[in-house]
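# Inside the fold
Below, each chain spelled out in residue letters.
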Amino acid sequence: MSKQIIDSDVLVIGGGGAGFRAAIGAAEKGCSTVMISKGPLARCGASPMAGADFTLDGRSMSRIDGLTGDPSDSPEKAMNDIVTQGFYLNNQKIVEQYLRVAPQCLQELIDWGIQIKAADERMVFTSGIGIMDALHKKARSAGVTFQEDVAVLDLVVEDGQVVGALGLDIRGGQFIHFRARAVVMATGGWHKAFWPNTGMRDLAGEGMAMAFRAGAQLGNLEFITFCCNVFYQPQIWRGSLAPYLMTLMVGGEMVNSAGERFLEKYDPFVVKTGTFTEWNKSILSITSRLEALDGKGLANGGVGFRRGRTKWEDVEFIAQLMFPKWKYKAIDLAPWAEMLRNNEIAEVGPAVEYFDGGIVIDEHMRTTLPGLFAAGEVTLGAFGANRVFAAITEMLVHGAEAGDNAAAYARQTQAPLPDAAAFEPLEQKALAPLANQGGLRVADVRRGMQTMAHELLGPVRDETGLQKLRAQLAEIKNEKLGRIQLQSASRTYNKEWIDAIELGNMLGLLEMSATSALARTESRGVHYRRDFPHADNDKWLAESVIEPTDSGFNVGTRPVTVTTMPLPGGKSPYMDYVKHLMESRSDTAGKH
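Residues numbered from 1 in each chain as written. Predicted model: local features only at pLDDT ≥ 70, side-chain atom pairs only at ≥ 80, totals over all residues. Heavy atoms only, no water.

## Thoughts on the overall build of the protein chain
- Of regular secondary structure, the protein chain possesses 18 helices and 24 strands.
- For the protein chain, the C-alpha radius of gyration of 23 Å lies close to 25 Å, the compact-globule estimate for 592 residues.
- Taken along its principal axes, the extent of the C-alpha atoms in the protein chain is 65 × 60 × 50 Å.
- Within the protein chain, the fraction of its 592 residues that count as buried is 60%. (Helix = DSSP H or I, 4+ residues; strand = E, 2+ residues; numbered from the N terminus. Rg over C-alpha atoms; globule rule 2.2 N^0.38 Å. Buried < 20%, exposed > 50% of the residue type's maximum accessible area, 1.4 Å probe, protein only.)

## A word on the state of the cysteines
- Throughout the structure, instances matching the rule amount to zero disulfides.
- Not engaged in a disulfide, the cysteine C228 finds its nearest cysteine sulfur in C227; these two sulfurs lie 5.2 Å apart.
- The class for C228 is buried, based on a relative accessible area of 0%. (Disulfide = S-S within 2.5 Å.)

## A word on the sheet that holds strand β3 (residues 53–55)
- With respect to topology, three strands assemble into an open sheet ordered β3-β5-β4, the strand pairing being antiparallel. If you trace the sheet from one side to the other, it starts and ends with β3 and β4 (118–119), each paired once.
- Alignment of β3 against strand β5 (residues 123–125), held across three bridges, turns out to be antiparallel. Residue pairing for β5: F54 is matched across the bridge by V124. (Pairing = 2+ DSSP bridges.)

## Re the packing of helix α1 (residues 17–28) against helix α5 (residues 128–142)
- Running from N to C, α1 and α5 cross one another at 25°; their axes reach a closest spacing of 9 Å. One finds that α1 runs roughly parallel with respect to α5. Note on packing geometry: the crossing formed by α1 with α5 is left-handed. The segment α1 lies against α5, with G17, F20, R21, I24, A27 and E28 engaging M132, L135, H136, K138, A139 and A142.
- Here the contact of α1 with α5 is composed, by residue class, of seven nonpolar, two polar and three charged. (Axes fitted to C-alpha atoms, helices over the stretch in contact; angles between N-to-C directions. Parallel < 35°, antiparallel > 145°, perpendicular 65-115°, else oblique. Left-handed = near helix turned anticlockwise from the far one by under 90°. Contact = heavy atoms within 4.5 Å. Nonpolar A, V, L, I, M, F, W, Y, C, P; charged D, E, K, R; others polar.)

## Brief notes about the packing of helix α8 (residues 268–276) against helix α9 (residues 280–296)
- Remark: α8 packs on α9, axes separated minimally by 7 Å, with the N-to-C direction vectors making an angle of 120°. Counted together, V270, G274 and T275 of α8 and N280, I283 and L284 of α9 form the full contact between these two elements.
- Its residues assigned to classes, the contact of α8 with α9 shows three nonpolar, three polar and no charged.

## Structural notes on empty space enclosed by the protein
- This structure, assessed with the given rule, holds two cavities of 30 Å³ or more.
- Lining of the largest cavity is provided by K38, A151, V152, L153, E206, M210, R213, I498, I501, E502 and N505.
- Secondary-structure elements contributing two or more residues to the lining of the largest cavity are β7 (150–158), α6 (206–214) and α16 (495–519).
- Considering each element in turn, the lining of the largest cavity owes the most residues, four residues, to α16. (1 Å grid on protein atoms, 1.4 Å probe; cavity = no way out; pocket = protein on both sides within 12 Å on 5 of 7 lines; lining within 4 Å. Points joined across faces, edges and corners; volume = space filled by probe spheres on them.)

## Considerations on the pattern of salt bridges
- Throughout the structure, instances matching the rule amount to 38 salt bridges.
- Among the salt bridges present, the one from E543 reaches R558, with a minimum N-O distance of 2.5 Å. Taken as a pair, E543 in strand β22 (residues 542–549) and R558 in strand β23 (residues 552–559) lie far apart in primary sequence, 15 residues in all.
- For E543, a relative accessible area of 1% corresponds to the buried category.
- A relative accessible area of 25% means that R558 is categorised as partly exposed.
- Beyond isolated ion pairs, a larger network of salt bridges with shared partners links K38, K192, E206, R446, K495, D499 and E502. (Salt bridge = Lys/Arg side-chain N within 4 Å of Asp/Glu carboxyl O.)

## Section: helix α15 (residues 463–480)
- Between its terminal C-alpha atoms α15 stretches 25 Å, which fits the 26 Å expected from 18 residues at 1.5 Å a residue.
- Those residues of α15 that sit buried are G465, L466, L469, L473 and I476. Looking down the long axis of α15, one finds its buried residues gathered within 95° of arc, a one-sided arrangement. Seen from the buried face of α15, the exposed residues on the opposite side, beyond 90 degrees, are T464 and N478.
- In this structure, the buried residues of α15 make contact with α14 (442–456), β19 (460–461), α16 and β20 (528–529).
- Two to three positions downstream of the cap, the backbone nitrogen of T464 sits 3.3 Å from a side-chain oxygen, assigning the N-cap of α15 to D462. (Expected span 1.5 Å × (residues − 1). Arc of directions from axis to C-beta. Polar contact = N/O pair within 3.5 Å; in protein donor to acceptor, adjacent residues only side chain to side chain.)

So this is what it looks like as structure tokens:
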């Protein structure tokens, strides 16, 4: 097949909010900019499906025309909350970048036409679709060139510097040679490695995986945020966030298979704070999973959720605001309304939602690989071991910084653009699944891997489970991956071919995540080790770093980057430490 060659100063990989904002920044700096979207423009990835809340400190918010905010708040208070609630594992330079650029990014969104639905002291609520439409319109006016329905398979590296990427036109099956002076990776998380999950089906981790293969460091892959109270049954609802939203707004009651209100065994302050704030994602996910592991789970490994002592009238009122006519994201929840009215239980549990670790960056969004920048959820970003501020803000402040700095790099680099020979080995690797004859179906292998990841790399881990997962992943890698046989060898819109390539990416990330979780012999943030139920600041207040090697990878550590907030010492039982950190929140944080 003929090959298309596309040259640019800056190549942006990823069609979500971080990618759009990076492309806008690079184009406005006068660089020729190409942005690649794996699916339909402004409608793929996590960004369009976001709620969406934009978070910044209240004082800065109050200085934007038309917004109130909390003038008694400050960037310093917000810094305190992000770092303490991130269990002090945050890179404080990146936190400062997050807070410094957030007001600019919010003002931009307003200027570009987003509609604000509601606001409180620190948050502006809008819609993911609205944000994406505003970014798409702005990017077009800035002169960004778009490549839609293109999968990026690997980065091209010459002389230790990223100089392009190999793409695949999904509809036609042709390879595309993208040559660039600088590359921004903005591909989001790897939700597809788990089932159930709360993400989009196209979030398969290719950005982290290809950056790592090219030579970039990854970090903190053990920290995976699970959203609590996600539907497990019936299958048509599985993965829906509706019960989580109900918990956050009106509460409810969680029970185990014995009918016990199991949260009553924990500290009341922790339970209350961990029900009506973003802490609930870690606290309720961990406690729900502990009940299941203790043999008190329901049929699918979850727990029960009912309205309990909450009045039906309150539930019904809130539901009509969140789920008009009991419809949510095209799902009919009318049967659930009857269950809530009758105080019957629905089975819920944790499901993967957000990845706190990723490609190692500095506060300028530079990776450890020259020529490669990264933005958004694909990075080891601002949140440390536990995210409590908005990922929407993260994607935009990262994107703005990455686009500006990638443009500056592109203007000064002297690296020549690659020739066709640099793409050849990457093409041969990508074609390999089309020739396999082993008889295994990619969907079957993937579902088995997803189920293992959900069970063994969930919010509660231990050595036995992590070692079991590593062994099973090794079996897939060594015995099954090369035996996957596609139903068609055609390259034209062969989704199964893309699935097979994605499977290898997800397998590698799971292996590295499990190894990092095994190495971290403590409990911190969203990583809870049942066999090490203490937060150990003396030994483990350090970032995990994964280095590529000739034989695979090594997991090590590096010191936390500190600017203004000193690191604590000591070792505490996990729940005691959680209570201490909750009590360290600012008065503004306490209002949420």
